[in-house]
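Spelled out from the first residue to the last, the chains are:
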Amino acid sequence: MLKMQNIHTYYDNIHALKGINLNINKGEIVTLIGSNGAGKTTTLGTITGLLKPKEGKILYNDEDITCVQPGHIVKKGISLSPEGREVFPQLTVFDNLKLGAYTRSDKKEIDQSYEMVYELFPRLFERKTQIAKTLSGGEQQMLAIGRALMSKPEILLLDEPSLGLSPNLVLLIFELIKDINKLGMTILLVEQNAKMALKVADRGYVLETGKIIIEGNAKELLNDDRVKQAYLGNL
Ligand SMILES: Nc1ncnc2c1ncn2[C@@H]1O[C@H](COP(=O)(O)OP(=O)(O)OP(=O)(O)O)[C@@H](O)[C@H]1O
Ligand SMILES: [Mg+2]
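Conventions we followed
- Residues numbered from 1 in each chain as written.
- Chains lettered and ligands numbered in written order.
- Predicted model: local features only at pLDDT ≥ 70, side-chain atom pairs only at ≥ 80, totals over all residues.
- Heavy atoms only, no water.
- UniProt positions renumbered as here; feature names shortened; annotations may be inferred.
- Phe/Tyr/Trp six-rings, centres within 6.5 Å; stacked < 30°, edge-to-face > 60°.
- Helix = DSSP H or I, 4+ residues; strand = E, 2+ residues; numbered from the N terminus.
- Buried < 20%, exposed > 50% of the residue type's maximum accessible area, 1.4 Å probe, protein only.
- Lys NZ or Arg CZ within 6 Å of the ring centre and 35° of its normal.
- Pairing = 2+ DSSP bridges.
- Axes fitted to C-alpha atoms, helices over the stretch in contact; angles between N-to-C directions.
- Contact = heavy atoms within 4.5 Å.
- Donors = N, O, S within 2.8 Å, 3.2 Å for Na, K, Ca; no water.
- Near = heavy atom within 4 Å.
- Polar contact = N/O pair within 3.5 Å; in protein donor to acceptor, adjacent residues only side chain to side chain.
- Areas by Shrake-Rupley, 256 points an atom, 1.4 Å probe, with all protein chains shown as cover.
- Nonpolar A, V, L, I, M, F, W, Y, C, P; charged D, E, K, R; others polar.
- Domains from an automatic or database assignment.
- Buried area = accessible area lost by both parts, 1.4 Å probe.
- Salt bridge = Lys/Arg side-chain N within 4 Å of Asp/Glu carboxyl O.

As annotated in an unreviewed UniProt entry, the protein is ABC transporter ATP-binding protein from Fusibacter ferrireducens. UniProt's Sequence similarities (unreviewed entry) comment on the protein is quoted here verbatim: "Belongs to the ABC transporter superfamily."

A. Region of the structure containing the packing of aromatic side chains. The full count for this structure, using the stated rule, is three aromatic pairs. Between Phe94 and Tyr114, the ring centres sit 5.1 Å apart and the planes meet at 20 degrees, which makes this aromatic pair stacked. Remark: Tyr114 occurs in helix H4 (residues 107-120) and Phe94 occurs in helix H3 (residues 93-100); sequence separation between them is 20 residues. Judged by relative accessible area, which is 30%, Phe94 ranks as partly exposed. An angle of 65 degrees between the planes, with centres 5.2 Å apart, marks the rings of Tyr118 and Phe125 as edge-to-face. An aromatic cluster is defined as three or more aromatic residues linked by ring pairs; in this entry it consists of Phe94, Tyr114, Tyr118 and Phe125. In this structure, Lys54 is placed above the aromatic ring of Tyr10, and the distance from its NZ or CZ to the ring centre is 4.2 Å.

B. Up close: the sheet that holds strand S8 (residues 186-191). Spatially, S6-S7-S8-S3-S9-S10 is the arrangement adopted by the six strands of the open sheet, whose pairing is mixed. Bordering the open sheet on either side are strand S6 (78-81) and strand S10 (211-217), each of which pairs with just one other strand. Going from strand to strand, the sheet's axes swing by 15 degrees on average, the running direction of each strand aside. Sheet topology note: the strand S7 (residues 155-159)/S8 ladder contains five bridges and is parallel. For Asp159, the partnering residue across the bridge sits in S8 and is Val190. Sitting on the sheet, helix H7 (residues 167-182) touches strand S3 (29-33), S7 and S8, and the angle it makes with S8 is about 155 degrees.

C. A look at the coordination of the magnesium ion (ligand 2). Distances from the magnesium ion (ligand 2) to its protein donors, Thr41 (OG1), Glu83 (OE) and Glu83 (OE), fall within 1.9 to 2.8 Å. Residue Thr41 is found in helix H1 (residues 40-47), and its partner Glu83 is found in the loop between S6 and H3; the two are separated by 42 residues along the sequence. Residue Thr41 is classed as partly exposed on the basis of its relative accessible area of 35%.

D. View of the site of ligand 1. Around ligand 1, the structure places 14 residues, and the nearest of them are Asn36, Gly37, Lys40, Thr42 and Glu83. The separation between an oxygen atom of ligand 1 and a polar side-chain atom of Glu83 is 2.5 Å. Separating an oxygen atom of ligand 1 from a side-chain N or O atom of Gln192 is a distance of 2.9 Å. Across the complex, the protein chains shield 63% of the 630 Å² of accessible surface that ligand 1 would expose by itself. The element best represented in the shell around ligand 1 is H1, accounting for three residues. Classifying every residue of the shell around ligand 1 by side-chain character gives four nonpolar, seven polar and three charged.

E. Inspection of the domain arrangement of the protein at higher detail. Segmentation of the protein into domains returns domain 1 (1-77 + 154-235) and domain 2 (86-152). Spacing between the C-alpha centres of domain 1 and domain 2 amounts to 23 Å. Contacts between the two partners involve 17 residues from domain 1 and, on the opposite side, 15 residues from domain 2. Interface area for domain 1 against domain 2, summed over the two sides, is near 1,300 Å², with a carbon-plus-sulfur share of 81%. Summed over the shared surface of domain 1 and domain 2, the result is zero salt bridges. Summed over the shared surface of domain 1 and domain 2, the result is zero residue pairs in polar contact (both at pLDDT 80 or more).

Next comes the structure, spelled out in structure tokens:
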């Protein structure tokens, strides 16, 4: 469904992605794990058209989307929940969600998406009229994911959804990721919480300084000695 082929992305002369090959099949949860600065957010930025790769190709349902603008990427069915709960702080929960649907026009279908989001996140329903910046960290994270869902994506890209959340909320967020996947969405999950991510994912990739160093079935990665040592600690 989504394929990155030999992607090289730079920030001026910083070579952030050094030949990434990544493949996501329809219906899968794929996780991309790696430590700070490995290039995870850069990978998502390159997929969503925010960053232009210098070399390589991105294919989406066999169509070359390498140089497509971010707004068109969303229209094609790829949506990002950004790192750091970037919601619009001055707007209400409802208005944040509404903006997530900016590429769509069918009111009936948009209403179905509100329903889906409120069903997944009842707390957002209760807080529809609350200003986003006054939400708790976990609620803002839910709102960021909910907003991404409002574009009715085929693929949802999640950038560190568990970051900074309490253990209970981390569990809840990972449960919700499974629920979203069961609704038919394909998911690329970027995480530093490698253990939890590999537990919910079908397959995983390990990124280190701009290169994929290990890839495979999530269960195999959980038992891989290199992954255990570098990313799973003694948990
Ligand atoms: N706007 C930028 N300008 C210059 N260098 C950047 C920029 N954004 C990222 N980088 C560099 O690119 C590399 C990859 O960064 P990236 O944000 O993709 O890492 P990450 O894996 O998402 O890390 P984290 O887990 O900390 O979010 C890092 O060395 C980083 O310093
Ligand atoms: Mg990042």
